[in-house]
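Letter by letter, the chains look like this.
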Amino acid sequence: MRVIAGKARRLPLKTVPGYDTRPTQDITKETLFNILMPDIPGCVFVDLFSGTGGIGIEALSRGARKAYFVEQSPKAMSCIRDNLSFTKLAYQAVTLKMDAAGSLHHIFEKEVDIIFMDPPYGQGLERQILTLLKDRSYVTSDTLVIVEARLEEDFSYVTELGFEVYREKKYKTNKHVFIRREQNEESSLSGQL
């Protein structure tokens, strides 16, 4: 695993031994960041379920102003910190060794530009996090939430939370789902009362 582009380009990243983390493949990461290219420079990026930190580090390398790395595994967090130190990007990073749901109360930003999450598959964690994000003040109509999920994962429920899926990018075995707050959120919320 390596950093694909930017100031830390080609630097190798440590991975966590075993199968506890599932690093995003380089080709998938490259496709994702080609889509995000206009939104990365100067952004505040949140990498939930960070694993080895490869996604957040890629964002920093490509010009993100700040990135939060959220991971509860001690081994994975140690790996993230080593990778941040090796790439010389630690000064722009906030590491939170805790579960993703709890971490949402420890993000102190007026606005977060991009939130990426790659939770363990099949545990309903995407829905749990999106349910919590709907009430966070730093999630605005401009905030982009990206979920890496199984191809068969259904996201039709997001409209109940005031979000909308505006794009999906499918790969062989998984997909990236791009979600934003619904532009007409007030009317959809009043319709639920």
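Residues numbered from 1 in each chain as written. Predicted model: local features only at pLDDT ≥ 70, side-chain atom pairs only at ≥ 80, totals over all residues. Heavy atoms only, no water.

**Student:** Can you explain unusual backbone geometry? Please cite residues and give values.
**Tutor:** Although it is not a glycine, Phe-49 adopts a positive phi angle of roughly 55°. Within the chain, Lys-88 stands out as a residue other than glycine whose phi angle is a positive 60°. Structurally, Lys-88 is set in the loop between helix H3 (74-86) and strand E3 (93-96). Residue class for Lys-88 comes out exposed when judged on its relative accessible area of 66%. (Helix = DSSP H or I, 4+ residues; strand = E, 2+ residues; numbered from the N terminus. Buried < 20%, exposed > 50% of the residue type's maximum accessible area, 1.4 Å probe, protein only.)

**Student:** Could you give an account of the environment of Tyr-121, with specific residues and numbers?
**Tutor:** If you trace the backbone, Tyr-121 turns up in the loop between strand E4 (114-117) and helix H5 (125-133). A relative accessible area of 24% means that Tyr-121 is categorised as partly exposed. A distance of 3.4 Å separates the side chain of Tyr-121 from the side chain of Asn-174, its partner in a polar contact. (Polar contact = N/O pair within 3.5 Å; in protein donor to acceptor, adjacent residues only side chain to side chain.)

**Student:** Give me the nonpolar core: which residues, what numbers.
**Tutor:** Membership of the largest hydrophobic core comes to 30 residues, with the highest contact counts inside it found for Leu-48, Ile-115, Met-117, Ile-129, Leu-130, Leu-133 and Ile-179. Breaking this core down by element, the ones donating at least two residues are strand E1 (44-48), strand E2 (66-70), helix H4 (100-103), E4, H5, strand E5 (144-150) and strand E7 (174-181). Sequence-distant contacts of Leu-48, defined by excluding residues within four places in its chain, comprise Val-70, Ala-100, Ser-103, Leu-104, Ile-115, Phe-116, Met-117, Asp-118 and Ile-129. Cys-43, Met-77, Leu-144 and Phe-178 belong to the second largest nonpolar core, which has 24 residues in total. (Core = buried A, V, L, I, M, F, W, Y, C linked by side-chain atoms within 4.5 Å. Contact = heavy atoms within 4.5 Å.)

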